[in-house]
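Results of the structural survey
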Amino acid sequence: MSVTGTRHLTQDAAIAATGLAGRPILTASAADARRGLVALAAVRDARVILALPDAARIEITEREAVGRWLLGGVEWYVDAEGVLFGSVDPGAAPAVRVSDDRETTKSCAGRGGGRCIDPALVDAAFRLARLAPGELRADATRPDVRLDLVNGLVLRSGGSWEVRFGGPERFNEKLSLARKFLSDNPTRRLDYVDVRSPDRIVFSPQ
């Protein structure tokens, strides 16, 4: 039995998912084997080819990680479609990270991962996570991106203030508004800047 295309999975894990190990070829189903593979969160697609007398070829297309999604103490990889998955390769995802404190995400991911995040939220979160230290304001020395149930997407400066973005809707407007406010107030003491509604900016202290 040959396996190609694995990086996140071990070959043994891929073979186990097919259910083909130790099974006579005449009673095996390539369609069932494929279903077992695509049920794994790390697998985007798979092809299984069976041939007499006892050969099987497994071709796997894995998901491409766009970053790392932290749920409590567990680090998952996530793709652009919002699928969380594990990997045996610690270097198979960019180092950029987002922390998610929402219980709904933890419940969705469980132990095996899955399609748990809005793709638009993934895109917005990693756009923030890729901001360089000092890019928004000089005292944003250790930018940290988090998601919580109350404020949604939050960029913490690493100092005393944070920017609250809410959901991914109208994200470009929100980010532009935050950039302009911070640029116009480069030394103002802040606790937070709230752009959850891009039609009305709120900040504290006033």
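Here we summarise the structure given alongside this text. (Residues numbered from 1 in each chain as written. Predicted model: local features only at pLDDT ≥ 70, side-chain atom pairs only at ≥ 80, totals over all residues. Heavy atoms only, no water.)

Comments concerning the overall build of the chain
Within the chain one finds five helices and 13 strands. For a compact globule of 206 residues, the expected C-alpha radius of gyration is about 17 Å, and the chain comes in at 22 Å, more than 25% above that figure. Each of the three principal axes of the chain carries a C-alpha extent, and together these read 75 × 25 × 25 Å. Counting across all 206 residues of the chain, residues that qualify as buried make up 42%. Nonlocal contacts in the chain, meaning residues at least 24 apart in sequence, comprise 49% of its contacts between residues at least 6 apart. Total accessible area on the chain is roughly 10600 Å²; 51% of this is exposed by carbon and sulfur atoms. Side-chain charges in the chain split into 29 positive and 27 negative, and the spacing between the mean points of these groups amounts to 2 Å. (Helix = DSSP H or I, 4+ residues; strand = E, 2+ residues; numbered from the N terminus. Rg over C-alpha atoms; globule rule 2.2 N^0.38 Å. Buried < 20%, exposed > 50% of the residue type's maximum accessible area, 1.4 Å probe, protein only. Contact = heavy atoms within 4.5 Å. Areas by Shrake-Rupley, 256 points an atom, 1.4 Å probe, with all protein chains shown as cover. Lys, Arg positive; Asp, Glu negative; His and termini not counted. Charge placed at Lys NZ, Arg CZ, Asp CG, Glu CD.)

Section: the pattern of salt bridges
A pair can form between side chains of opposite charge whenever their charged atoms are brought close. Using the criterion set out here, one finds 26 salt bridges in the structure. Put simply, R47 and E59 hold a salt bridge, and the shortest N to O gap is 3.5 Å. Placement of the pair is R47 in strand 2 (residues 43–51) and E59 in strand 3 (residues 55–62), with a sequence separation of twelve residues. Residue R47 is classed as partly exposed on the basis of its relative accessible area, which comes to 48%. The class of E59 is partly exposed, set by a relative accessible area of 25%. For the salt bridge of E81 with R115, the shortest nitrogen-to-oxygen distance reads 3.3 Å. Within this pair, whereas E81 is found in the loop between strand 5 (74–78) and strand 6 (83–85), its partner R115 is found in strand 8 (residues 114–115), the two being separated by 34 residues in sequence. Judged by its relative accessible area of 53%, R115 falls in the exposed class. Three or more residues joined by partner-sharing salt bridges are found here, namely R44, R63, D79, E81 and R115. (Salt bridge = Lys/Arg side-chain N within 4 Å of Asp/Glu carboxyl O.)

Some points on the sheet that holds strand 2
Here three strands make up an open sheet; going across it, the order is 1-3-2 and the pairing mixed. Each edge of the open sheet is held by one strand with a lone partner, namely strand 1 (2–4) and strand 2. Neighbour-to-neighbour, the strand axes of this sheet turn through a mean angle of 15 degrees, independent of strand direction. When strand 1 meets strand 3, the two strands line up parallel, connected through three bridges. Looking at strand 3, one finds that V3 is bridged to I58. The strands touched by helix 2 (residues 30–38) are strand 2 and strand 3; relative to strand 2, the strand with the most contacts, the crossing angle is about 155 degrees. (Pairing = 2+ DSSP bridges. Axes fitted to C-alpha atoms, helices over the stretch in contact; angles between N-to-C directions.)

Description of the side chain of R68
Along the chain, R68 falls in strand 4 (residues 67–71). A polar contact is formed between the side chain of R68 and the backbone oxygen of A93, at a distance of 2.8 Å. (Polar contact = N/O pair within 3.5 Å; in protein donor to acceptor, adjacent residues only side chain to side chain.)

Brief notes about the nonpolar core
Counting residues in each nonpolar core, the largest one holds 35 residues, and the members touching the most others are W69, L84, L128, L153, V163 and F165. Contributing elements (two or more residues each) for this core: strand 4, strand 5, helix 4 (119–129), strand 9 (144–148), strand 10 (152–156), strand 11 (162–166) and helix 5 (171–184). Each residue touching L153, except ones within four places of it in the same chain, is listed here: L121, A124, A125, L128, V145, R146, L147, V163, R164, F165, G166 and F171. If you look at the next biggest cluster of nonpolar residues, it comprises 23 residues, including L9, A33, L37 and V83. (Core = buried A, V, L, I, M, F, W, Y, C linked by side-chain atoms within 4.5 Å.)

Regarding the state of the cysteines
Under the definition given, this model contains one disulfide. At a sulfur-sulfur separation of 2.1 Å, the disulfide partner of C108 is C116. Disulfide C108-C116: the torsion about the S-S bond is -85 degrees, which places it as left-handed. For C108, a relative accessible area of 35% corresponds to the partly exposed category. (Disulfide = S-S within 2.5 Å.)

Overview of the side chain of T105
By the element assignment, T105 lies in helix 3 (residues 103–109). Looking at T105, the relative accessible area reads 3%, which means it is buried. In this structure the side chain of T105 is engaged in a polar contact, spanning 2.9 Å, whose partner is the side chain of D100. Setting aside residues no more than four positions away along its own chain, T105 makes contact with W69, L71, L84, D100, C116 and I117.

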